[in-house]
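Below, each chain spelled out in residue letters.
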Amino acid sequence: MTKTKSVQVKDLEKIYPGQDGKQIVAVNKVSINIKPGEFITLLGPSGCGKTTILRMIAGFEIPTGGSIFIGEDNIDKLPPDKRDTAMVFQSYALFPHLDIFNNIAYGLKIKKLSKDVIKQKVSAILSLVGLEGMENRAPNQLSGGQQQRVALARALVMEPAVLLFDEPLSNLDAKLRVYMRNEIHKIQRKVGITSIYVTHDQSEAMSISDKIIVMRHGNIEQIGTPLEIYANPATAFVADFIGIANIVPAKVLARKDGITTINLLGLIWSKSSSCDVQSGDDCKIVLRPECLSLSHSGEIKAVVTSSVFMGESQDYTISVQGISLEVKEYNPCNKEVFAAGSEIFLSIDKLSIHIIK
Amino acid sequence: MREHKPTMFSLKWNEMQKILRDPILLLTIIFVGIALVIFIVWPLYSVLSQSFLNASGTFTLEYYQESLKHAENIRVLLNTIGLGLFVSFFATAIGFLFAYADAFLKIKYKKLFNIIAILPIISPPFALAMSFIMLFGQQGFISKVLLGIKNSNIYGFTGLATVQILTFFPIAYLVLSGLLKQIDPSLEEASRNMGASRWQTFKTVLLPLVLPGIANSFLLVFIQTAADFGNPMVIGGNFNTMAAQVYLQAMGNYDIKGGTALATVLLTLSILMFVLQKYWVGNKSYVTLTGKPSRVRELINDKFSLITIGIPCFLISAFILVLYGLIPLGSFVNLWGIDYTFTTRHYIYIWDIGIKPIIDTTILSLISMPITGILGMVVAYLIVRKKFLGRGLIEFTSLLSLAIPGTVIGMGYVLAYNEPPLMLTGTGTIIVLSFIFRSMPVGIRAGVASLQQIDPAIEEAAQDLGANTFQVFHSVTIPLIKSAFFSGLVYSFVRSMTAVSAVIFLVSASVNLLTVAIMSQVDVGRLGVAAAYSTVLIGIVLFVVGILTFLLSKIGVSVSEVQG
């Protein structure tokens, strides 16, 4: 498919008239650039504006301000049916009165393609999503995962410039969700359509995206690859939303040539950091639980307050200088396990220290 | 941060642009709006303006003073309110009894209740009044033949109130049984689990939950009773009500102005009840429509409940069946009350004086049927799915016509379309129009209810795949709500066939209708002929509905019941 295009969102804004004359800012002047063929995810808690952005791109909501480009074309004035986007809905939104073939063929028929072409395209797309032979089933005769594939096929068959996913996996059970997100990832790579994916599930976002846009209260908190977002969260919110993070207060002692020296839990650490802080500032340190470890000796004294066996890991909560921290030790079967109440020492992997404001 | 805050207006305008970008939708909204203004608002305005303007066009209250000066008219108003309260109370009570039996009791033959609920819809609205006269009138089978009472007088409050209670309680029954069935049985189980007896559970859990529904039924029945024209005309005797008085004043006394004044008073009463029902009681419901079927309730099987609730319901049902059965029976009896030999002479008489009313009524009803059905679904779609300026007005106006008494709107049609640009008086068109706008609200309600069950994303998906508004509507929306659509069709046909209150103003020498013909036969005392006409009417209704249902079942649509 050759026509995959870039998507540009400029100063996009959506304000709803709320109750009693209040204004609800759902999306606050957001700008996003998406390269052709890129898979980007809008990630954030419910109410952060991610779905509103998606629906504005599809044309279901009219922006209060800003503009949207697909390729070179400004699509602000186009109604949804004239936009070259195809959406996979959270509820799948399969037409219950049509069988699978006609569900997938729906948009092609609207386009008035010939019967033969439609037949050929539908069967090609059915084999792509692994649903050969299901043409004559009714949607309610399929399992959740199969319905999901039909929804995907129905969008893909349109060969749109942009694929839009509105939390497509949230109605599936945990295992199927993991399986389907890999399928979507695989299929998107294969066809190479620019895709915008909305989810509140951070592991889904990490596993599927080229780029993640973390949103909060209608604003973008951070844009980056999954690795950047995880390892170098820009704010405490991003750190906390992506994975589990201990956010520990610290003091900046000096900053010179990109090296920041801090006092963390009573110890002095020097670390290269792009975080814009000055000597004497308070700052926060993001510590991922898996970057901490416990032992019988060390410099930071701690007490285990809870110890839970999770299978792949032993999850501790420890108390250090009045601060509660989460610690994750992988492969606990081959390690010493500390019981709640044990007095131990905490060691921190220096590389994993991440400074934020 | 923001340079200038957008105003509330600009935000609403922003929402509105979705409509402006969609010419089909915009045109539809304008079309529906204009239709509602011309065929509902304008006639009502005509009634109001006629009542407030004198011949030279200046404002006056003289017609009100004139009409209300008569002690007679004051009494009629009090009659209407008193009768309304009385009938609504008992109809709601009986309706509740039926609803409770239907939802909670383990009894057989519950289908009978459905039949009882449908009978008033498919028969002339004054059918029970006729049967009552046959049983308890001067020549009544019970009063004269069985009890030997001479000069029994069933005309008046007692007869009218009883007939109205029996005609209108199914409304309360349908509303309340719907509510009771939606109550999650686990609420009662929780109450019983905490030690409440069944009676305490009923008093402290069930009753409070359905209280808004009870108030709702009460008001709905009141509106129907106040608007009822046929029964007061047939069995009211000296006990006059507003709906009939409007007609008598305007057509009997040739006092159009006085008629409009009375009509305005009646309209005010009905709209008041409607607004109360829709905006006050309507919002109080605790029972939410989740669409998720909850667990099936364990039905009550103890003797006491079965006897105290089940038996009365079956007795009332049996009585009503007998009453309706009397109509075909009476049509084959030589002279009711005097000579009970079999005859077909009433049918021969109908054939002789001409079957034009029968054909006219059927054809006009058939013409209005598809228009009503489609218009109803379009309006429902606009109300549920689209946001636009004036949506609330469209919803209010279209549902308002449920509450407008037929005699008021009938008079409005006469006044509004008696002169150019719309010179329709005396034509079949005006009757078709009144059929359409009288029965459309029920279709709208069915459409709204069924659209609310459907995920809006399904329609968005269609649009996203390139379908325009029209394509979405006919390829997705209509197929999804086809059951409501066809129910609306069937209902509009039935309602048109049995309509009387509005069209009594609109019939003419060239177009006469069945119901009006029946009433004039009752009026001159030819009960046998009236019964024969009624039997033909019910026969046509059952025939057409039967054919429709059969055809629809062939294409896999089940016609669900529509609440009246």
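Since the structure is predicted, the reported quantities are computational estimates derived from the model, not experimental observations. (Residues numbered from 1 in each chain as written. Chains lettered and ligands numbered in written order. Predicted model: local features only at pLDDT ≥ 70, side-chain atom pairs only at ≥ 80, totals over all residues.)

Visitor: Just checking my understanding: could you explain the sheet that holds strand 1 (residues 7-17) of chain A for this structure?
Guide: Note: strands within a sheet are paired through backbone hydrogen bonds, in either parallel or antiparallel orientation. Sheet architecture is open: four strands sit in the order 2-1-4-5 (chain A), paired in antiparallel fashion. Edge positions in the sheet fall to strand 2 (23-34) and strand 5 (73-74) of chain A, since each of these pairs with one other strand and no more. Where strand 1 of chain A lies against strand 2 of chain A, eight bridges are found, and the strand directions are antiparallel. Bridge pairing links V9 of chain A to I32 of chain A in strand 2 of chain A. Sheet contacts for helix 1 (residues 8-20) of chain B: strand 1 and strand 2 of chain A; angle to strand 1 of chain A, the most-contacted strand, approximately 120°. (Pairing = 2+ DSSP bridges. Helix = DSSP H or I, 4+ residues; strand = E, 2+ residues; numbered from the N terminus. Contact = placed C-beta atoms within 7 Å. Axes fitted to C-alpha atoms, helices over the stretch in contact; angles between N-to-C directions.)

Visitor: Mind showing me how you'd approach the interface of chain B and chain A here?
Guide: By a widespread convention, an interface's size corresponds to the accessible area lost as its parts come together. At the junction of the two partners, chain B supplies 26 residues and chain A supplies 26 residues. Secondary-structure elements contributing two or more residues to the side of chain B that touches chain A are helix 1, helix 20 (456-464) and helix 21 (469-480) of chain B. Grouping the constituent residues of the side of chain B that touches chain A by class yields twelve nonpolar, six polar and eight charged. (Nonpolar A, V, L, I, M, F, W, Y, C, P; charged D, E, K, R; others polar.)

Visitor: Could you clarify how one ought to interpret unusual backbone geometry in this entry?
Guide: Peptide bonds are, in most cases, trans, and in most cases residues other than glycine have a negative phi. All names here are of chain A. For E159, which is not glycine, the phi dihedral falls at a positive 45°. With respect to the helices, strands and loops of the structure, E159 is situated in the loop between helix 4 (144-156) and strand 7 (162-166). The backbone of N331 sits at a positive phi, close to 55°, despite the residue not being glycine. Mapping N331 onto the fold places it in the loop between strand 18 (323-330) and strand 19 (343-348).

Visitor: Please explain the domain arrangement of chain B as it appears in this structure.
Guide: Residue and element names in this part refer to chain B. Here chain B is partitioned into domain 1 (13-55 + 348-454 + 480-564) and domain 2 (68-343). Here domain 1 and domain 2 have C-alpha centroids that lie 23 Å from each other. Facing 35 residues of domain 1, the contacting portion of domain 2 comprises 43 residues. When contributions to the side of domain 1 that touches domain 2 are tallied by element, the ones reaching two or more residues are helix 2 (23-52), helix 17 (391-403), helix 18 (406-416), helix 22 (482-498), helix 23 (514-523) and helix 24 (527-554). The dominant element in the side of domain 1 that touches domain 2, judged by the number of residues it contributes, is helix 24, at eleven residues. Along the lines of polarity and charge, the residues of the side of domain 1 that touches domain 2 split into 22 nonpolar, 13 polar and no charged. (Domains from an automatic or database assignment.)

Visitor: Sorry if this is basic, but what is going on with the sheet that holds strand 13 (residues 267-272) of chain A here?
Guide: Residues and elements named next belong to chain A. The antiparallel open sheet is built from five strands, whose spatial order is 13-12-11-14-20. Because the sheet does not close on itself, it has two edges, and the strands there are strand 13 and strand 20 (354-356). Averaged over all adjacent pairs, the angle separating strand axes in this sheet is 40°, with direction ignored. Judged from the six bridges that link them, strand 11 (residues 246-256) and strand 14 (residues 282-287) form a sheet pairing that is antiparallel. Looking at strand 14, one finds that N246 is bridged to L287.

Visitor: Is there a simple way to think about the domain arrangement of chain A in this case?
Guide: Residue and element names in this part refer to chain A. Split by domain assignment, chain A resolves into domain 1 (7-237) and domain 2 (244-356). Taking only C-alpha atoms, the centre of domain 1 and the centre of domain 2 are 38 Å apart. Here the side of domain 1 that touches domain 2 is composed, by residue class, of two nonpolar, two polar and no charged.

Visitor: Whenever I open this one, the confidence of the model for chain B confuses me. Can you help?
Guide: Low pLDDT means the predicted atomic positions in that stretch should not be read closely. All names here are of chain B. Of the residues in chain B, 95% reach a pLDDT of 70 or more, and the chain-wide mean stands at 86. Mean pLDDT values for the elements of chain B range from 74 in helix 1 up to 93 in helix 4 (residues 71-104). In the model, residues 289-293 has pLDDT below 50 throughout and makes one contact with residues more than four positions away in sequence or in other chains. On the interface metric, ipTM, the complex scores 0.81, and its pTM is 0.81. (pLDDT = per-residue confidence, 0-100.)

Visitor: Teacher, can you tell me more about the environment of V87 of chain B here?
Guide: All names here are of chain B. Mapped onto the fold, V87 is located in helix 4. According to the C-beta neighbour criterion, V87 is buried, with 26 such atoms within 10 Å. The sequence separation of V87 and L364 amounts to 277 residues, and the corresponding C-alpha distance is 33 Å. What V87 contacts, discounting residues up to four positions off in sequence, is A161, Q164, I165, F168, V221 and T225. (Buried ≥ 20, exposed ≤ 12 C-beta atoms within 10 Å, placed from the backbone.)

Visitor: Just checking my understanding: could you explain the environment of K121 of chain A for this structure?
Guide: All names here are of chain A. With respect to the helices and strands, K121 occurs in helix 3 (residues 115-128). Its 18 C-beta neighbours within 10 Å are what place K121 among the partly exposed residues. Put simply, K121 and H296 are 175 residues apart on the chain and 65 Å apart in space, counted from C-alpha to C-alpha. Discounting residues that sit within four places of it in the chain, K121 has contacts with L108 and V157.

Visitor: Looking at this model, I keep getting lost on helix 2 of chain B. Mind explaining?
Guide: One turn of the α-helix equals 3.6 residues, which is why residues spaced by three or four share an orientation. Residues and elements named next belong to chain B. With 30 residues, helix 2 extends 40 Å from end C-alpha to end C-alpha; this agrees with the ideal 44 Å at 1.5 Å per step. At V37, helix 2 shows its largest bend, some 35°. What helix 2 keeps buried is the set L25, T28, I29, L36, F39, I40, P43, L44, V47, Q50 and S51. (Expected span 1.5 Å × (residues − 1). Bend = angle between axes of the 7 residues up to and from the residue.)

Visitor: What exactly am I supposed to notice about the pairing of strand 15 (residues 292-295) of chain A here?
Guide: Successive side chains on a regular strand alternate, one facing one side of the sheet and the next facing the other. All names here are of chain A. Going residue by residue along strand 15, you find L292 and L294 tucked away on one face and S293 and S295 left uncovered on the opposite face. Relative to strand 19, strand 15 runs antiparallel, the two being bridged by four bridges. Opposite L294, over in strand 19, you have L346 as the bridge partner.

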